[in-house]
Amino acid sequence: MKVDNLSVHFGHRSYEIHFGAGILSELGELCRSLSLGEKVAVITNPVIGGSYFHGVSASLQAAGYSVTGVEIPDGESYKCSETVNSIYDSLISAGLTRDSFLVALGGGVVGDITGFAASTYLRGVPFIQIPTSLLAQVDSSVGGKTGINHPLGKNLIGTFHQPCMVLIDISTLETLPEREYISGLAEVIKYGVICDRSFFEYLAENRSAILKRDSECLLHVIRTSCALKASVVEQDEKESGYRAILNYGHSFAHAIEGLTDYSRFLHGEAVAMGMAQSAILSEMKGYASPDDTQRILELIRSMNLPTELIPSPAMSYRRLMQRDKKVRDGGIHFVFNKGIGAAAIEKVSDWDFLLKNVSQ
Ligand code: NAD
Ligand code: GLY
């Protein structure tokens, strides 16, 4: 089995991302190359665990590890403190000590909550990310943001805790529902728009192969996305500035999710609408040409993602956007694209400008 890898540099906390098709069985051997204890808990949900827990567990056991499986319910609403407590209960009952480690086997929900449990259990144990959704493979498994939701808002409780390894097996995407797959493509397009024009061109040229989940194409897309994200987070791990470019399209996306009670759109769908709006505003600022904007909108649409904002009064958008973590002193730290392949963050206090295209 061919395993490709990429290093994410954080000094003594650096780690490898391993990529390949059908590489879950390599997990145990790859763990042996790290200094980890003998006990491991694999956190997953019934949907993902049903297909992949057995293979992951068998590989770890074959390498000599003692494995405990911990199942949490499927869904964003379970990314909460009650679920974290149930994970702690299982870890304590299984006798996991400070030299144990955790494995997150699942999408962004499992990854975020497992990372959070790992960073807090016994004041911190190592963890491995095995992302199984496209969004998790290109975004949430890399960079060390962990967290849970609070009744008053999404991702309000969390830590920065880098994984000690990320293992990306693109074969797991075979069981990912189509809508989830398409939604993950929004974050892929984001990297092209804000970081790398040639990657944007690659996506435009290979859109039909990407939509067909062609393996070779997928490996390139996922590896490049991870490399681009890694280069951003290596420069600004704790988001004191530059890392916030990854929030491109997200100011509008969070408002759209709030306006629709987090139930009508998947995150990537809302991000797609937000990116389209950000592209239009970037052109209005003179940061991008009309041709750039058209190409961005066309790529988003061609991946079967939406570009039109949902109709809602500007005041409703403003109320939700003002709640954002990126708002300070009445101004929002908004991410603009500079042409295609670069981005800049600018504080914008002119809400009439930001909400010009929103129905009044
Ligand atoms: P998710 O984890 O809920 O997964 C989406 C659905 O797909 C779930 O029903 C899941 O069970 C299913 N699924 C996942 N992999 C599958 C597979 N291979 N086969 C079949 N079904 C599969 O959602 P997501 O989109 O992966 O992640 C969203 C979460 O990620 C949010 O909570 C968000 O806040 C978080 N996030 C975190 C970061 C970060 O940097 N930490 C970045 C972006 C998003
Ligand atoms: N998903 C945005 C970040 O990791 O910073």
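Below, the structure is looked at part by part. As the structure is a computational prediction, the values presented were derived from the model and not from experiment. (Residues numbered from 1 in each chain as written. Chains lettered and ligands numbered in written order. Predicted model: local features only at pLDDT ≥ 70, side-chain atom pairs only at ≥ 80, totals over all residues. Heavy atoms only, no water.)

Here's the deal with the site of ligand 1
Neighbouring residues of ligand 1: 25 residues in total, closest E76, K79, G108, S133 and T175. One of the side-chain nitrogen or oxygen atoms of N45 is found 3.1 Å away from an oxygen atom of ligand 1. Measuring from a nitrogen atom of ligand 1, one finds a side-chain N or O atom of T175 at 2.7 Å. The protein chains hide 87% of the 860 Å² of surface that ligand 1 would expose on its own. Elements with a contribution of two residues or more to the shell around ligand 1: helix 2 (46-62), helix 4 (108-120), helix 5 (134-140) and strand 8 (153-160). Of the residues belonging to the shell around ligand 1, the class tally is 7 nonpolar, 9 polar and 9 charged. (Near = heavy atom within 4 Å. Polar contact = N/O pair within 3.5 Å; in protein donor to acceptor, adjacent residues only side chain to side chain. Areas by Shrake-Rupley, 256 points an atom, 1.4 Å probe, with all protein chains shown as cover. Helix = DSSP H or I, 4+ residues; strand = E, 2+ residues; numbered from the N terminus. Nonpolar A, V, L, I, M, F, W, Y, C, P; charged D, E, K, R; others polar.)

Regarding the nonpolar core
Ranked by internal contacts, the top residues of the largest apolar core, which has 77 residues, are I222 and Y317. Counting residues in hydrophobic clusters, the runner-up holds 23 residues, among them V40, V56, F101 and L167. (Core = buried A, V, L, I, M, F, W, Y, C linked by side-chain atoms within 4.5 Å. Buried < 20%, exposed > 50% of the residue type's maximum accessible area, 1.4 Å probe, protein only.)

Observations regarding the environment of I128
Structurally, I128 is set in strand 6 (residues 127-131). Judged by its relative accessible area of 0%, I128 falls in the buried class. C-alpha of I128 to C-alpha of G115: the two residues are 13 residues apart in sequence and 8.5 Å apart in space.

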